[in-house]
Each structure stands twice: as C-alpha cells, then as structure tokens.
Amino acid sequence: MMPGISATRGELEQFLAVDVSPELLELALTHRSYAYEHGGIGHNERLEFLGDSILGQAVTVKLYQDNPDLDEGELAKRRASLVSSVALAEVARAIGLGKFIRLGRGEELTGGRDKSSILADTVEAVIGATYLDAGGEAATELVLRLIAPLLSDPDRFGASMDPKTSLQELAARLGRGLPHYLVTDSGPDHSKRFHAVVALAGSNIAEGDGTSKKQAEMAAALEAWTLLSVRA
C-alpha cells in the first residue's frame, strides 16, 4: 500500500536532503496510470520534462569542468551514460524510490515499482519538483549527489559506449553464454516504441525500451551488464 505523504517525506528526505512541499512531492510520485484510474488527477510527466532538462544541464557542466582533456564526443557519451534510464533507475533503487511511487493497478501487478523506465521518470520528476520549490541551485546539488556513485565507476562509461559487446564479454567471462534479444514494438507507425528483453542461458535478465530496435537492445544490454557487474 502506498504510504502517506508525510511518511514519504520523512523517508525520502533522508536521501534527498531537499525541501519540497508535500503536494508537489506527491505529484512527482504520481504515475499517469494512477492518475487515469483516479479520475484524471495530475501526474508527474510535466515535472519529468522539467527535471530532464535540469539533469542534463547539471551533468553536462559537471563533466565539462571535471574533464578538461576530453573532447566533445567523449563528453557526450559520458553524459548519455549518466542520464540514461538505466543509470537513473539504479539511482532510484539505491534510495528505495520505487516503494513510494503511486501506480495504477495494472502497473502494480506487472512489477511497475521496479521498471527502469518508471523509476527513471520519477527521479526526473523529483528533480523538477525540487527546482520549482527549492530553486536551481538546490536542484543541481541534488542531481550531483544522486549521480556521485555513478561518476566514481569508470567501468560504466566503457559499457555505455558499446553495451551489447560489453555484455557479451562479461557473460562469457562468467560462463553465461551468448546474450539473446527479443524485441517487440507497439504504437502507430509514426510513433513506434520498441521493447527488448535480453536472455542468458534461457533466462530473461533485463529489459529496455527505445524509439528504435537498436536503442531498445542497447538499453536492455546496459541494464543486464549493470546487474551482472554487481554479482561478478
């Protein structure tokens, strides 16, 4: 059951250390599936849109300042790794964000609290809410605190450049065999979404989404690599 917003604030503030109003934090934690099932109340997609921009700017400035010897291409690849849904989902899991998200029944029953896309979107929404209530400096500081563990992991950048190859090499080293991908698509032709599942030794390991088959496979591969790296 979704805890009350006072409990949400109390637990989340231990990790976030920001001052966001209960109403705005609740909105940031409200997935559209919950909103649709409760009469079309507000949901977090506008906050997500705002947070995505703030996240990108904060990460860009941080990488630029900390890596004076890297060229534009390398900086862009590192930024893509840090703002990816896989990275943000990892941040969300680390702070236990999933248990506070307000989900519709369908998403609840299909494991929505641990879906990388939902977790990542909620992180962005919380960043957006922080910007609105506490200002740009506080939002930037929040972003940098959240991504600090990712910045200290140099292997992550190598995997994000070519996640399918990195996964294949790691799986071989662990004796798990070759990865296999199953990709499905949905939506109209002009706006298709792709969903990839990657399996090792006959067991599904991770999933990923994207606007192309390649993007979905790469997202799934990066998530699988991240999961296996923790266990390696």
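Our subject is the structure listed above.
Residues numbered from 1 in each chain as written. Predicted model: local features only at pLDDT ≥ 70, side-chain atom pairs only at ≥ 80, totals over all residues. Heavy atoms only, no water.

Caption draft 1: Expanded view of the overall build of the chain. Check the secondary structure of the chain and you find 12 helices and 3 strands. Relative to the 2.2 N^0.38 estimate, which gives 17 Å for 232 residues, the radius of gyration of the chain is 18 Å and therefore close to what a compact globule would have. Considered along the principal axes of its C-alpha atoms, the chain spans approximately 50 × 45 × 35 Å. Sorting the 232 residues of the chain into buried and exposed places 41% on the buried side. Considering only intrachain contacts with a sequence separation of at least 6, the fraction spanning at least 24 residues in the chain is 52%. Element-wise, carbon and sulfur atoms account for 51% of the exposed surface of the chain, whose accessible area totals about 12200 Å². Taking the 23 positively charged and 33 negatively charged side chains of the chain as two groups, their mean positions are separated by 5 Å. (Helix = DSSP H or I, 4+ residues; strand = E, 2+ residues; numbered from the N terminus. Rg over C-alpha atoms; globule rule 2.2 N^0.38 Å. Buried < 20%, exposed > 50% of the residue type's maximum accessible area, 1.4 Å probe, protein only. Contact = heavy atoms within 4.5 Å. Areas by Shrake-Rupley, 256 points an atom, 1.4 Å probe, with all protein chains shown as cover. Lys, Arg positive; Asp, Glu negative; His and termini not counted. Charge placed at Lys NZ, Arg CZ, Asp CG, Glu CD.)

Caption draft 2: Just the sheet that holds strand β2 (residues 193-200), in detail. Read across the sheet, 3 strands follow the order β1-β2-β3 without closing on themselves; strand pairing throughout is antiparallel. Either end of the sheet is taken by a strand with one partner, and the two such strands are β1 (180-186) and β3 (203-210). Strand-to-strand, the axes of this sheet are offset by a mean angle of 20°, without reference to chain direction. (Pairing = 2+ DSSP bridges. Axes fitted to C-alpha atoms, helices over the stretch in contact; angles between N-to-C directions.)

Caption draft 3: Looking closely at the layout of surface pockets. Estimated volume of the largest pocket: approximately 1400 Å³. Lining the largest pocket are 45 residues; nearest its centre among them are S85, S116, S117, R193 and D209. The element contributing the most residues to the lining of the largest pocket is β3, with 7 residues. Residue classes in the lining of the largest pocket are distributed as 15 nonpolar, 15 polar and 15 charged. (1 Å grid on protein atoms, 1.4 Å probe; cavity = no way out; pocket = protein on both sides within 12 Å on 5 of 7 lines; lining within 4 Å. Points joined across faces, edges and corners; volume = space filled by probe spheres on them. Nonpolar A, V, L, I, M, F, W, Y, C, P; charged D, E, K, R; others polar.)

Caption draft 4: Local environment of the packing of aromatic side chains. Per the counting criterion, the structure on display carries 0 aromatic pairs. Positioned above the aromatic ring of Y181, the side-chain terminus of K164 is 4.7 Å from the ring centre. (Phe/Tyr/Trp six-rings, centres within 6.5 Å; stacked < 30°, edge-to-face > 60°. Lys NZ or Arg CZ within 6 Å of the ring centre and 35° of its normal.)

Caption draft 5: Up close: the pairing of β1. Sheet topology places β1 next to β2; 7 bridges connect them, and they run antiparallel. Counted as the bridge partner of V183 is A196 from β2. Following β1, the chain reverses through 6 residues before pairing antiparallel with β2; G187 in that reversal takes a positive phi of roughly 95°.

Caption draft 6: Seen up close, the pairing of β2. Buried residues dominate β2, accounting for 6 of its 8 residues. Judged from the 7 bridges that link them, β2 and β3 form a sheet pairing that is antiparallel. From the neighbouring strand, V197 faces β3, where its bridge partner is E207.

Caption draft 7: Here's a closer look at empty space enclosed by the protein. Counted according to the given criterion, the structure contains 2 cavities of 30 Å³ or more. Estimated volume of the second largest cavity: approximately 30 Å³. Lining the second largest cavity we find L16, I95, L97, V123, V126 and L146. Looking at the lining of the second largest cavity residue by residue, the classes come out as 6 nonpolar, no polar and no charged.

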